[in-house]
Each structure stands twice: as C-alpha cells, then as structure tokens.
Amino acid sequence: MSASQTSEVPTLLVKIFGKDRPGITAGLFDTLAAYLVDVVDIEQVVTRGRLVLCVLVTQPPASLEGDLRATVHSWAESMKMQAEIISGHGDNRPRGLGRSLVTVLGHPLTAESTAAIAARIAKAGGNIDRIFRLAKYPVTAVEFAVSGVETEPLRTALASDAAALGVDIAVVSAGLHRRAQRLVVMDVDSTLIQDEVIELFAAHAGCEDQVAEVTAAAMRGELDFEQSLHARVALLKGLDASVVEKVRNEVRLTPGARTLIRTLKRLGYQVGVVSGGFTQVTDDLKERLGLDFAQANTLEIVDGKLTGRVTGEIVDRAGKARLLRRFAAEAGVPLSQTVAIGDGANDLDMLNAAGLGVAFNAKPVVREAAHTAVNFPFLDTVLYLLGVTREEVEAADTHDEG
C-alpha cells in the first residue's frame, strides 16, 4: 500500500493512561485482538510509575466499532486505568526533511531553559518528534529527536543559547551512524587528566615559576606552542630520569575518565589520546587504560638525565588534527565518525576536524568554536552526547562485575 493510500485508511488512536504495572500492554492487545484490527503504530512511556500507552490501529467494520470502544473502556476501568479513543485517518504525518538529535545536559535542567530550547527549535523550523531522558545522574540529560531543519543551522541556532541558559547542548545528525563504530580522541592535560604534566615535572625541577611565565607568554601570543614547548622543556635540563615514574604516580585522572573509556571500549569504539605533553606519561596511560592510540612529544633522556630537549615529531595544534586523521585512517573509521575532546586553543583544529568536537570545561574561545561544550567536571557525561544512557553504563558495569 502506498503512502498516499495509507493516509486515507480510517484508524483509531487508543490511549491508555494510569498507574503502571505488568500486564497492561498485553491486556490491551488481547482486548483489541478480538476485533481483528492491524497495528499501525505504538508508543509507550512510563514516568514516575505512570504509564501512557498510545496504539494506532486500523478501524474495524462500522458494526463492530461501538463494541470495540465499549470493551476497551470496560477493560481499562477493570484495570483502574483511563482510556481515550479518537477516530481519524492514516498514520502520523511524514516527518520533515532534516533529522537531528539534540542532547541537553543540565544540573539542574529547569523548566525555563527547556522552554527556551523548545522555542528556539520551533523558531528554526524544527519539530520535536520525541523526547527521551538519557540520565538523571550526575546531570540530567535529555535527547530531543527533531525533524524539519538541517543539523548545521539548528546547531548554530542553539549554540548561542546554551551558555545563557546554563545548559550544555549538542546537536548531531540522526541516522544509523549514531550507533556505528566510532573513534574517540582526547587531549590529555586538563581533559583526560586533571593536571598539566609539564608543571608536574617542573615541580621536581624547582622551576615552576619559570615554566608558568613561559606558559603565560604563550597564552598572550608572544610565543607559539613549539617555541613555548622548547623553552619550558629546556628548564628541565639535568633532571634525573627517575622523576618520570614519580610524575606518572602523581597524575590524577579526571572524574569519569575510566567510566568513559571502559564504556566506549564495550561499545566497540576505538579510543586514543594526543597530547602536547610527553610520551613518558601517555604511553603509561595507554597501557593502564587500554587505549588504542597515543601520541605525544618525547623528552630526550641521555645517561639517565633529561637533556632539556624533545625528540621526534612535535605534537602541536596542527599536529593534533593531523594525528586525528591518521588514527581514523588506521582504525578504518571515516572522519565524520570521529569524536574529539579537548579544552585548549591548541585543540581547536582537532575539534573542528572531527565529526563531533567537544570542548570539555574549556576556555570561552574554545567553547565558542567547538561543535558543543560540556561544562560539568565529569568526563563520562560525553557518553550522553553519543546517545548512551546512564542505565546502559550501569548495566554494563554490573555485567562486568558478574
């Protein structure tokens, strides 16, 4: 039957609502089965123990419709539920072109911010087809399925509202790729870990203030990343190589980092890190966390001492984007299926090159340039942007423990 023919078929929308308990759905369909109707659509949701079940069925012969209505109402009353039956024609109206998923993270998620988001979607020409809660802890995360507007203009329209509303908003194109294999690549300092690795080394060398001065000069634009890297590493000259193990032990993972990586790996994703820091730390993180890829700068060590130089390929802003592309090629994942996470200006090229760039607790200039931002101090909240629910994360953890 064609879509145009389907739209002319008489249908009944049967709505059941009340306290949820086992057997409601089976009971309704047992009741409808006696009238030989066909199921066109089903939608069910349970919120705080209250069920709303909507079933769209073909209309029975006119001689049976009255009996169907009376029987459904009688059954609902016997189950202490309420029923509503609405006559009409056809199925849901076709969804508009342009399908996007809008993920909103709030702590809390207020009615005011939700109203503003819904209004902005409507103003952009979008229609909200479905809303689903992904998580209630550590943040409230909800997903809006939107049609009728292309992803990029919708993302632009919502990005300006996020900071003002005190929420994080991510907009991605809907489709099969949402659950396809992906590659996730993270920055390390102040993203995967809470520390700046060179500052940990500097503390052992007694040159924290000098390193901070060079860092500040780089932030003022007086030095580019490579110049600042060489200047800071030079201050570590003569440091005993045994300090590497001490720094590894001092590194503090960002809250939620292990959960994020463990869950991504269970989903079949590949995970990597790129860092302007040092392989002496990232190689250790790769082994400890089971990462697929890791690349950073390498401190030169000669005769058990740091020489104050780095060796090999310099990982700077352009280098991070280049490595993202290299990792994607090695993983066999299209660039559009990559996710990049970072906090600093030197992550921007990588964030913009990825299919989804996430600014994690980043500076304003980075938040404004990235596809989306997460401003909560839990790295695993990024999972919600990928459509993973809190229940899925916890169920996987329980399964592993078993």
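These numbers were taken from a predicted model, which means no experiment stands behind them.

A. Representation of helix 6 (residues 197-205) in the model. Every buried residue of helix 6 is accounted for by Val197, Ile198, Leu200, Phe201 and Ala202. At the exit of helix 6 stands Gly206, carrying a positive phi of roughly 70°.

B. Spotlight on the sheet that holds strand 2 (residues 39-47). Pairing in this open sheet of four strands is antiparallel, and the strands run 2-3-1-4 from one edge to the other. Every interior strand has two partners, whereas the edge strands, strand 2 and strand 4 (82-89), have only one. Direction aside, neighbouring strands of the sheet carry axes that sit 10° apart on average. With eight bridges connecting them, strand 1 (residues 10-19) and strand 4 associate as antiparallel partners.

C. Spatial organisation of the environment of Phe376. For Phe376, the position within the fold is in the loop between strand 15 (372-374) and helix 15 (382-385). Measuring from C-alpha to C-alpha, the distance between Phe376 and Ile85 comes to 45 Å, with 291 residues separating the pair along the chain. Beyond its immediate chain neighbours, meaning those up to four positions away, Phe376 contacts Leu105, Gly106, His107, Val139, Asp168, Phe360 and Asn361.

D. Region of the structure containing the UniProt feature "active site" (unreviewed entry) in the protein. Residues given the UniProt feature "active site" (unreviewed entry) here are Asp187 and Asp189. In this fold, Asp187 is placed in the loop between strand 9 (183-186) and helix 6. Residues contacting Asp187, with those up to four places away along its chain left out, are Leu192, Val274, Ser275, Lys320, Ile341, Gly342, Asp343, Asp347 and Met350. Its place among the elements puts Asp189 in the loop between strand 9 and helix 6. Residue Asp189 is classed as buried on the basis of its relative accessible area of 10%. Leave out the neighbours within four places in its chain, and Asp189 touches Asp195, Glu196, Val197, Ser275 and Asp343.

What counts and what doesn't
- Residues numbered from 1 in each chain as written.
- Predicted model: local features only at pLDDT ≥ 70, side-chain atom pairs only at ≥ 80, totals over all residues.
- Heavy atoms only, no water.
- Buried < 20%, exposed > 50% of the residue type's maximum accessible area, 1.4 Å probe, protein only.
- Helix = DSSP H or I, 4+ residues; strand = E, 2+ residues; numbered from the N terminus.
- Pairing = 2+ DSSP bridges.
- Axes fitted to C-alpha atoms, helices over the stretch in contact; angles between N-to-C directions.
- Contact = heavy atoms within 4.5 Å.
- UniProt positions renumbered as here; feature names shortened; annotations may be inferred.

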